[in-house]
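# Understanding the architecture of this molecule
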Amino acid sequence: VDIPLKYNNFTSGFKEILGDILKRKNIPLSMRNLAKKTNVLLSLETDPFDTFDFLMDISEKLGTKSHFFFMGKGVTKFDNLYKSDDPFIKKLIATIKDRAHHIGIHPTYNAYNDQLQFKKEKEELEKNLDTDILIGREHYLRFEVPATWQVWEDNGMLWDSTLGFADKEGFRCGTCYPYSVFNILSREKLQLKERPLIVMEGNFSTYQHHIKAKEMEDKIKALIHKIKKYDGEFVFLWHNSSFNTSQWEEYQSVYEKVLT
């Protein structure tokens, strides 16, 4: 959960609306986005990024559960797009708990190798979200071997799911099974488990700009088929904010198609 709401205040969304006019030369689109923003702020429409119930609905239809990873307070320009004690977040957490889905940490940009920063964020989330934080995935898939694993281990985490490719789908870890990790410096096996990330939606829209939705769908389905063959685990990352925008208009239906 990088951006829980698209229109969380009066100023949010103006950059996109200006881009519609000045960059994309699409005044009708800018007017539609302005109308949507107004309706959301007047509570006449659901925020475009408030897709959490939809994501949980799909998981429940499949007989599984979603994992939602939240961010604490960071120290870089890539952080602090929301506060963990925001009323919307509090309400969202209550809904996730009521529906028995899972809550974890999405450490901020510099926390992947910073023991104290990670600890501070974990404690913040445990306090504000009123839950034990034992699972998660790093922001921007930031990772350093063996520092990141050791940070997670020292903070009592059960599993991480950061290790996937940023620019393509597939088996970065060479496997589709959870595995125990090892600190190559201390020569110690850790209690922490790694659950390999197989697909992130950004593999396609961000890095494979030329790809069409059908090709994206076919590639993901092929991976699912291969993992099923070996009775593995398909770990699929799709941000709540990767729906209901011009960037995702072509691709957003892929999420439901490949899973159902």
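Quick caveat: nothing in here was measured; it's all calculated off a predicted structure. (Residues numbered from 1 in each chain as written. Predicted model: local features only at pLDDT ≥ 70, side-chain atom pairs only at ≥ 80, totals over all residues. Heavy atoms only, no water.)

### Describing the overall build of the chain
What the chain contains, in helices and strands, is nine helices and eight strands. Expected size for 260 residues packed as a compact globule is a radius of gyration near 18 Å; at 19 Å, the chain falls within 12% of this value. For the chain, the C-alpha atoms occupy an extent of roughly 60 × 40 × 35 Å along the three principal directions. Partitioning the contacts of the chain with sequence separation of at least 6, the portion at a separation of at least 24 is 69%. Counting every atom, the chain has about 13700 Å² of accessible surface; 54% of that belongs to carbon and sulfur. Placing the 37 positive and 38 negative side-chain charges of the chain at their respective mean positions leaves the two points 4 Å apart. (Helix = DSSP H or I, 4+ residues; strand = E, 2+ residues; numbered from the N terminus. Rg over C-alpha atoms; globule rule 2.2 N^0.38 Å. Contact = heavy atoms within 4.5 Å. Areas by Shrake-Rupley, 256 points an atom, 1.4 Å probe, with all protein chains shown as cover. Lys, Arg positive; Asp, Glu negative; His and termini not counted. Charge placed at Lys NZ, Arg CZ, Asp CG, Glu CD.)

### Examining the packing of helix H3 (residues 52–61) against helix H4 (residues 87–98)
The geometry of H3 relative to H4 is characterised by a closest axis approach of 11 Å and an angle of 15° between their N-to-C directions. Taken together, the axes of H3 and H4 lie roughly parallel to each other. The handedness of the crossing between H3 and H4 comes out as right-handed. Two secondary-structure elements touch here, H3 through Phe52, Asp53 and Met56 and H4 through Phe88, Leu92, Thr95 and Ile96. (Axes fitted to C-alpha atoms, helices over the stretch in contact; angles between N-to-C directions. Parallel < 35°, antiparallel > 145°, perpendicular 65-115°, else oblique. Left-handed = near helix turned anticlockwise from the far one by under 90°.)

### Focus: unusual backbone geometry
Omega for the peptide link from Val145 to Pro146 comes to -5°, which places this bond in the cis form. Positive phi is not limited to glycine here, since Asn80 has a value of about 65°. You can see Asn80 is positioned in the loop between strand E1 (67–70) and H4. A positive phi is found at Ala100, a non-glycine position, where the angle reads about 60°. By the element assignment, Ala100 lies in the loop between H4 and strand E2 (102–105).

### Things to note about H3
Where H3 is concerned, the buried positions are Phe52, Leu55, Met56, Ile58 and Ser59. The buried residues of H3 occupy an angular sector of 155° when projected down its axis, which confines them to one face. Among the structural elements, E1, H4 and helix H9 (253–259) are those in contact with the buried residues of H3. (Buried < 20%, exposed > 50% of the residue type's maximum accessible area, 1.4 Å probe, protein only. Arc of directions from axis to C-beta.)

### Quick look at the state of the cysteines
Under the counting rule described, the total for this entry stands at zero disulfides. Just so you know, Cys176 is unpaired, no disulfide at all, and the nearest cysteine sulfur is the one on Cys173, 11 Å from it. Its relative accessible area of 8% is what places Cys176 among the buried residues. (Disulfide = S-S within 2.5 Å.)

### Quick word on the nonpolar core
Membership of the largest hydrophobic core comes to 47 residues, with the highest contact counts inside it found for Phe68, Phe70, Met216, Ile220 and Trp238. Sort the elements by how many residues they give to this core and helix H8 (residues 213–229) lands first, with six residues. Residues Leu141, Leu197, Met200 and Leu237 belong to the second largest nonpolar core, which totals five residues. (Core = buried A, V, L, I, M, F, W, Y, C linked by side-chain atoms within 4.5 Å.)

### Notes on the pattern of salt bridges
Inspection of the entire model under this criterion finds 10 salt bridges. In this structure, Glu60 engages Arg99 in a salt bridge whose closest nitrogen and oxygen atoms are separated by 2.9 Å. Placement of Glu60 in helix H3 and of Arg99 in the loop between H4 and E2 is noted, with a sequence separation of 39 residues between them. We note a salt bridge from Lys219 to Glu169, for which the minimum N-O separation is 3.8 Å. Of this pair, Lys219 sits in helix H8 while Glu169 sits in the loop between strand E4 (159–160) and strand E5 (179–183), placing them 50 residues apart in sequence. On the basis of relative accessible area, Lys219 is assigned to the partly exposed category, the value being 28%. Salt bridges sharing common partners tie together Asp53, Asp57, Glu60 and Arg99. (Salt bridge = Lys/Arg side-chain N within 4 Å of Asp/Glu carboxyl O.)

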